[in-house]
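# Survey of secondary and tertiary structure
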Amino acid sequence: MSLSNDPTLSGWLTHHASITPDAIALSDVHGSMSYAALALAVAQMRSGLAVLGIGKGDVVGLQLPNTRDYVIALLAIASRGGTFQTLHMPYRAKELKMLLADSGARAVIVSQSDTAPRAQDVLSVRDDLPALEYVIVAGAPPPGTLPLSQVMEQVADPADRVPLNADDRFLLLYTSGTTAAPKGVPHAYRSFLNNARLSAGELQVSANSRILSLAPMTHLYGLFTLHLALSSGATTVLLPAFNPATLLQDLQTAQASHVFAAPAHFAPFVAQDAVQPEHLASVQLLCLSGAAVPQALAQAMDARLEQGKVIQLWGMSELQAGTFGRPTDPADKRFATAGAPVPGTELRVVDEAGQPLSAGQEGVLQVRGPSVFAGYLNRPQETSDAFRAEGWFDTGDLAILDPDGYLTLTGRSKELINRGGVKFNPIEVEEVINTLPGVQDCAMVPLPDATMGERGCLCVVLTPGTELTLEAVSALLDSTQMAKYKWPERMEQFDSLPMTPTRKVMRATLAQQVLARDS
């Protein structure tokens, strides 16, 4: 019995629970969970959501680490015909308010701890979220919320499973955006799940594979790995959070065959020569993505894999995985490129006039294929602006395609800062900083960073006699409950910022001026 070409997550889970019920679906510090046990847990939470009236078409926000609760919750939401909205773990009240309001979420599932009081963050902005009916909490639930355990421990009723088809929406991602407001990216089962199913074969994922994502599953990249596992009946190895102090031991303990990570996860260890072959003895494939991958890092990690290969991957919220290297690719392709397209996906590079360029020429990357989204949530103009004739989606990235069709990303036309694979829009940060007394003008620019890929540098123009410290800027951003990864990590003062004739900051020039101060 094979998987259908019209997939749903519920269909995949039911298939594996029926055909290989004892196969391990999830592995973590608590032990192993079979596909049969996972299906039962999902059914119980599905009935818990039914009691709350959560059903087809409802959006449920999900802000949990890579745990069993996360996997069970997203599968239960899907089984009720709902749409799960991923919310990154660092998001605080400011980001949660904006995203939950835009999606119209009826419920949100968050964690609660002394160090990450996300339930309190949601409660602080709940009055601004008229559609939000339920705040469900993993951890000690504050007044006005529901414990996740209560929702998960209902008696499973098969009648609570909602009939679904592959064209139903199940996922709502959000871009980092090229304006201050991120854009919602809805996806139907057919596009993402078929893309993952095809990718699994190319990446040599099978039912015997053990897949570990160091990236959070609230991100597209981490979520892709879960789809790979569910498409194949493989085991997902869960690591709740990346911890540099324990990573090498975590890798040995995980015994993963496929590891998906960002360059920043391994760069410090390579620099210290701390990664040894025994840490990666089980790894057959190590995929690096989310930020530019230095060739030296790819080569160094590949040399430490006794039975595996290093590859790279490129993807977007709008299309999931677009390209990746194959384990059988020549070393120069695996180290220097983001690989070749996923089956069914087409790429081209165009000039400023939209005309296709020849191999080896740099231009704007465009993509089309069955995994590409249909349009942004409630944003018809942005959707129209993003697509070109014949279904080509304009990614905003600068790239080169070699004669064999392998992709090399050379930059971005969008003004995002990519810190360790997590992208954010500097405009959002600048708007807050511009409220400080004495700030005449400001702009954040990315600077290269050996560990994180990029870090933000705040460039400010102050009125005469005004002083400003980076600590004061951080305190202001903290008071707005803005996620810390967006805060600038360096500040430089200028008499004026370089501007275009239309008074737009020339960010590339400004970044060069900052770097020139270091030389």
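A few points on the structure. (Residues numbered from 1 in each chain as written. Predicted model: local features only at pLDDT ≥ 70, side-chain atom pairs only at ≥ 80, totals over all residues. Heavy atoms only, no water.)

For strand E1 (residues 24-28), the buried fraction is high: four of the five residues fall into the buried class. For E1 and strand E2 (residues 31-34), the ladder comprises four bridges, and the chain directions are antiparallel. In the sheet register, Ser27 faces E2, and the bridge partner there is Ser32. Here E1 folds back onto E2 in antiparallel fashion, the turn holding two residues. The pairing of E1 with strand E11 (residues 235-237) spans two bridges and is classified as parallel. Counted as the bridge partner of Ser27 is Val237 from E11. (Buried < 20%, exposed > 50% of the residue type's maximum accessible area, 1.4 Å probe, protein only. Helix = DSSP H or I, 4+ residues; strand = E, 2+ residues; numbered from the N terminus. Pairing = 2+ DSSP bridges.)

Right, let's talk about the sheet that holds strand E4 (residues 83-86) for a bit. Pairing between sheet strands relies on hydrogen bonds along the backbone, with the strands arranged either parallel or antiparallel. The strand order across the open sheet built from seven strands is E7-E6-E5-E3-E4-E8-E9, with neighbouring strands paired in mixed fashion. Each of the sheet's edge strands pairs with one partner strand only, and the pair in question is strand E7 (146-147) and strand E9 (184-188). In terms of strand pairing, E4 meets strand E8 (residues 169-174) through two bridges, oriented parallel. Bridge pairing links Phe84 to Leu171 in E8. Along the sheet, helix H4 (residues 93-103) makes contact with strand E3 (59-63), E4, strand E5 (107-112), E8 and E9, crossing E8 at roughly 145°. (Contact = heavy atoms within 4.5 Å. Axes fitted to C-alpha atoms, helices over the stretch in contact; angles between N-to-C directions.)

A word on the pattern of salt bridges. For the structure on display, the rule yields 25 salt bridges. Measuring nitrogen to oxygen at the nearest pair gives 2.8 Å for the salt bridge that ties Arg68 to Asp28. Taken as a pair, Arg68 in helix H3 (residues 68-79) and Asp28 in strand E1 lie far apart in primary sequence, 40 residues in all. Both residues of the pair, Arg68 and Asp28, count as buried. With a closest N to O distance of 2.6 Å, Lys333 and Asp402 form a salt bridge. Taken together, the residues Lys333 in helix H12 (residues 331-336) and Asp402 in the loop between strand E19 (393-401) and strand E20 (407-412) connect sequence positions 69 residues apart. No difference in accessibility class separates Lys333 from Asp402, as the two residues are buried. (Salt bridge = Lys/Arg side-chain N within 4 Å of Asp/Glu carboxyl O.)

By themselves these figures say nothing about function.
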